[in-house]
Amino acid sequence: WRGMFLSLVSRGAGGWSPQVTDRHPWLQLDLRDRIEVTAVATQGRYGGSDWVSGYLLLFSDTGRAWKQYRQEDGVGRFVGNVNADGVVHHKLSHSIRSRFLRFVPLDWNPSGWVGLRVEVYGCAYKSDVADFDGRSSLLYRFNQKSMSTVKDVISLRFKSRQAEGVLLHGEGQRGNYITLELHRARLALYLNLDDTRLRFSSGRVAVTLSSLLDDQHWHSVLIERFNKQVNLTVDTHTQHFRTKGEGDSLEVDYELSFGGIPLPGKPGTFLRKNFHGCMENLYYNGINIIDLAKRRKPQIYSGNVTFSCSEPQLVSTTFLSSSSSFLSLPATLSASGGFAVRFQFRTWNPDGLLLSTRLALEPQRLELQISNSRLRLTHHMSAQQKEEVSTGEGQQVNDGLWHSASLSSRGLQVTMTLDNEPSSTMELGDHMEAGDSLYFGGCPSLNVSGCENPTLAFQGCMRLFSINSQPMDLNLVHQGQLGDYKELQFDTCSIHDRCLPNFCEHGGQCSQSWSCFYCDCSGTGYTGATCHNSIYEASCEAYRLTGSSSGYFSIDPDGSGLLGPTQVYCNMTENKVWTVVTHNSTDPVRVQGSTLQNPYIMKFNYSASPEQLMALVSGSEQCQQEVMYSCRKSRLFNTRDGSPLSWWVDQGGERRTYWGGFLPGVQQCSCSLEENCMDMNYFCNCDADTDSWSNDTGVLSYKEHLPVSEIVIGDTNRTGSEALYRIGPLRCYGDKSVWNAASFYQESSYLHFPTLQAELSADISFYFKTSAPSGVFLENVGLKDFIRVELSSPFAVTFSFDVGNGPVVLAIKSHVPLNDRQWHYVRAERSVKEASLQVDQLPLRFLEAPSEGHLRLRLNSQLFVGGTAARQRGFLGCIRTLTINGVTFNLEERAKMTPGVSAGCPGHCSGSSSLCHNSGRCIEKNSGYVCDCSQSAYGGPSCKEGVSVSFNRESSVTYTFQEPFSVMQNRSFQASSVYRGNSRARESMAFIFMTTQSPAMLLTVSTFSQQYIAVILARNGRDTSRIITVGFNPLNSQACSVVHILMSTFLVVYIVDTMDEEVMQAGSKGFIGCLSSVQFNHMAPLKAALLNRASSLVSVRGHLVESNCGALADSTIFHSQSGEECRIGRGPLRNASQSNYAVIGGVVSAVVFISLCVVVVMTRFLYQHRQTRRDASIKEKEHRTNLETAYRREAAYRAEPAYRTEFRLHDSHSSTLNDNREYYI
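Residues numbered from 1 in each chain as written. Predicted model: local features only at pLDDT ≥ 70, side-chain atom pairs only at ≥ 80, totals over all residues. Heavy atoms only, no water.

Please explain the overall build of the protein as it appears in this structure.
Secondary structure assignment for the protein yields 11 helices and 84 strands. Counting every position in the protein, which comprises 1225 residues, the buried fraction comes to 54%. At a minimum sequence separation of 6, the contacts of the protein that also span at least 24 residues come to 72%. On the protein, roughly 54800 Å² of surface is accessible, and the fraction owed to carbon and sulfur atoms is 49%. (Helix = DSSP H or I, 4+ residues; strand = E, 2+ residues; numbered from the N terminus. Buried < 20%, exposed > 50% of the residue type's maximum accessible area, 1.4 Å probe, protein only. Contact = heavy atoms within 4.5 Å. Areas by Shrake-Rupley, 256 points an atom, 1.4 Å probe, with all protein chains shown as cover.)

Pasting the structure below:
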């Protein structure tokens, strides 16, 4: 390119400076012809203190109808000078093709005045132009009957006077068509290849791009097609898509039309408006269409097309402020009385005042406004009395399009009209005459005119003002010769589409106002200002850490990445947390009649996409998939040459011939690995080719090949030959990212990664623990931009960045130190809308981004983790689970090769106090931890899942302990040589129960010496459940402790030497209901009994059914009240203190048992007979029916709440002995 130098003055002295009285100064340049401008430069006035520090750049072809130039991020403000002599250059990100330029100063030297010298750089611009009047078109006729192409390139530039119009159209007899048109000021491309089904249907789908294309300024269009792949570019925005149709070529018959469709009655065409405006540089596959038309070539027909662009004088005005903008115009007299006002407007705002006028009969006034996106006319008759009419609900006017509004009065009626819609009429009580002035867009700040802004002033553009059929000249207003105004911008419409490009991610719907945009994330599975953050966890392991139990969950393997969420089953009942993904064929399938030439093929469709499956597998520690394969006279491999007769296909589409857990590439089955094939001459059982059924079932565990996407079986066509297979679901465990950590032990050390790709959005999350007072967690810098997260003090985490608008700093201060060697969670996010910072559960800190400013974070250095490039303020401690934009960084792998950094981080258990629950013990692992629930009544990965059993009348569980225990002592034992000292021993029991029966025996504890503890439910009732704690005071030969649980229910605890009649009666009834999470001291007898039924210590009587009543109980006891303690006697609890607990009287002799079974069997034997059994059987059915009803309806009306009961027995003379106990439930 060649430079063009344009200077207003010589380099020696001078410069431009407006008068001090100029309210809105600007400097306009006439380049004499349209020039392609590529750069501008500014300088202050020579030898003075006058310069411009910020300005806008506008351009125009005619010197009217200006358009503001916006840089790549949509920023309109240019940074100017800081002194009078320096030169500031700006290279334009996209060139301007225009004749006129206007520099509008925004800021200047506060100690001086506006001073400016400018230079403009560019080159000459030539074009071929055609003008279309809305009824004309250009026809390009082919040399042959039809034109068939597999590649097309169409380019043009246009500027339009209206929002509708056909730019290009062509079609073929076989259903091919291409149409490019303006629709609602957006460009729509319809393209179809060889699909006659769509030709005559109304279901044509358009690809739309850009907006506000009716602004009377030039826009460029480029269409590139190769086969079905299409690129559509409008100005700087490009959309890639794949067209519909069966073929790869576009076949167009006879001709292409530009500017309109000359024969609208032709079959299969649209009835659309022709284009009204100008086109230039129109090329079809390298052919200059306008040049051919200008030279009157025979293949071009130009009907009513001229070759110069007419420029209409449509002058617009921009209302800049939603609080103070207004335009006042005088109300001219009407010869016929009344008044008539007409104007056009466009806006994004749903509310704003359009017109207000005081009527001759004060205090009446008339207001025309936008309210909830509709046009509304209000007649204010007094302060309390008004009348309103509105347009229909479907007529929304805040869509950014030009709308025409008119208001007129005739007689006793006022009529409001919007565009070409039916008018709305309001009846008046008297003749109406407008006041002296009409106020458009808002009201003056001083309410001297009777004008009041109802809510907000208007923000948008207006044009074509007409009052009583007289057009208003806004140039006179601008020059101060007509009316008045404030906060207006003349000769331009500065409306800007903030949803282009669409910054809402993951399919979020963008909407906007004049100053900002909003994202509707409904139904996307994401949240946040730009729908960036997934609402789901990344893995089942992450759900486990939140305390969830087994069930179906939606996981998002790449977090805020491009992949969406998918539903999986998380199995958290084992030591490992398994992620289960199902497919479409989980039942066994029988195969017959297949050959190698015509094989049986089954493709598996999983509940997740291939990309989601790949992310899940790669992020898991291990994956596996069971293949159940049975055969009869059906081989897997050919016995002659070893070629496969059946195989499966992996996730990448590769054929695999190993079966059941063997190494990839080896054509063998599991039986060969285990050396137990039925015929050792073969590597698979099926290859023995016997008449009887054989089995080659195995587990595929080479995760890089999983899941199985297809199975092919090819040897079932012989007589008696068949195969039976079943491919199990994909099962993966572990999340490699959760515990991926690095330890930094030198301040100068760091890990470095490639440059952070986070121009428009970045979410950074990690855990850290440290004892250092400060340190940088991560940093990435560019030429000027940067992003940094650091521990700035022992009590504060800071997130800072700069995208070109100046540094932004967010800090969260904690009331407790963060360098306490405990794990702390940090999440920092930055988007074009806002920035936020979260630390643990502290209040979120966020800051909105400026509406006019740079958007892109431009970085060019490496990403430093744990330090900085300057090797200063490095972090000392551990960082784990570093995830940025859904990608987890492998800190351990990079740490292995970095001095001063080690892979992993010890002390996971010590770094958090809430990993294992209910007395579960946290055990360190190389990467993470596991919970040991052996001494807890609960199970599951976090010891939070209760072990529950449903009992009927005939069922019971007895568990005998054989280990040292702190026990109740026999009264005849006065002194113990084993026990010394004054420490107090304690027995404790806890359980959850649910029943509809009373009285009911819940459990007993007994010894060989016939002492026992019995817990029975004495009476039944309904009320809110509570957590009960029972303590035992000193007892004589026989006593009891009574706990008042409900208003009408008593839980009675007996500690006696001989059977009480009430206990024996309860024992005769047994127990019908559910028990869960039974704990005795540090043992869990019910859990142990279920897991070890074959043990000699376990005795199970009757039928037991595992239940989930413990989960139901959790929802009930959540509202319980704890801390209630027991006093002796049958009265309500009075908050007796634990200091009043005493020793169980007497001394228990050597051997103590916990045996409920024996006691209950004895009592039932003494008090039962046949009739009572018969009656009890009837009652049992009723109770069990009631119990089922309680389970199902418990959440609805809390009919039979669950109770968590804890008992603690204190003994000051206890000893620890090797005793046998029985525990009966």
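More follows now that the structure is in view.
Explanation requested: the side chain of Ser-211 in the structure shown.
By the element assignment, Ser-211 lies in the loop between β13 (207–209) and β14 (219–226). Side chain to side chain, Ser-211 and Asp-497 meet in a polar contact 2.2 Å long. (Polar contact = N/O pair within 3.5 Å; in protein donor to acceptor, adjacent residues only side chain to side chain.)

Whenever I open this one, the packing of aromatic side chains confuses me. Can you help?
Where two aromatic rings form a pair, the distance of their centres and the angle of their planes describe that pair. Tallied over the entire structure, the rule returns 32 aromatic pairs. When the ring of Phe-503 is compared with that of Phe-517, the centres are 5.9 Å apart and the planes differ by 40°; the resulting orientation is tilted. Taken together, the positions of Phe-503 in the loop between β36 (488–490) and β37 (509–512) and Phe-517 in strand β38 (residues 517–520) put the pair 14 residues apart, joining distant regions of the chain. Both residues of the pair, Phe-503 and Phe-517, count as buried. Where Tyr-629 meets Trp-659, the ring centres are 5.5 Å apart and the plane angle is 50°; that geometry is what we call tilted. Pair noted here: Tyr-629 is in strand β46 (residues 622–632) and Trp-659 is in the loop between β48 (655–656) and α5 (670–674), with a separation of 30 residues, a long-range link. Trp-659 carries the same exposure label as Tyr-629, and that label is buried. (Phe/Tyr/Trp six-rings, centres within 6.5 Å; stacked < 30°, edge-to-face > 60°.)

Hey, could you run me through helix α4 (residues 610–619) in this one?
Listing the buried residues of α4 in full gives Gln-612, Leu-613, Leu-616 and Val-617. The buried side chains of α4 occupy one side of the element, clustering within an arc of 130° when seen end-on. Looking at the buried positions of α4, the neighbouring elements they touch are β41 (551–555), β42 (566–571), β43 (578–581), β46 and β53 (730–733). (Arc of directions from axis to C-beta.)

Can you help me understand the pattern of salt bridges in this one?
Here the idea is simple: oppositely charged side chains can pair when their charged atoms come close. Per the counting criterion, the structure on display carries 39 salt bridges. A salt bridge links Arg-135 to Asp-133; the nearest nitrogen and oxygen atoms lie 3.5 Å apart. Asp-133 sits in the partly exposed class, given a relative accessible area of 26%. The salt bridge partner of Glu-829 is Arg-827, with a shortest N-O separation of 3.7 Å. Residue classification places Glu-829 among the buried residues on the basis of a relative accessible area of 10%. You can call Arg-827 buried: its relative accessible area is 18%. If you follow the salt bridges from partner to partner, you end up with Arg-34, Asp-61, Arg-157, Lys-159, Glu-280 and Glu-311 in one network. (Salt bridge = Lys/Arg side-chain N within 4 Å of Asp/Glu carboxyl O.)

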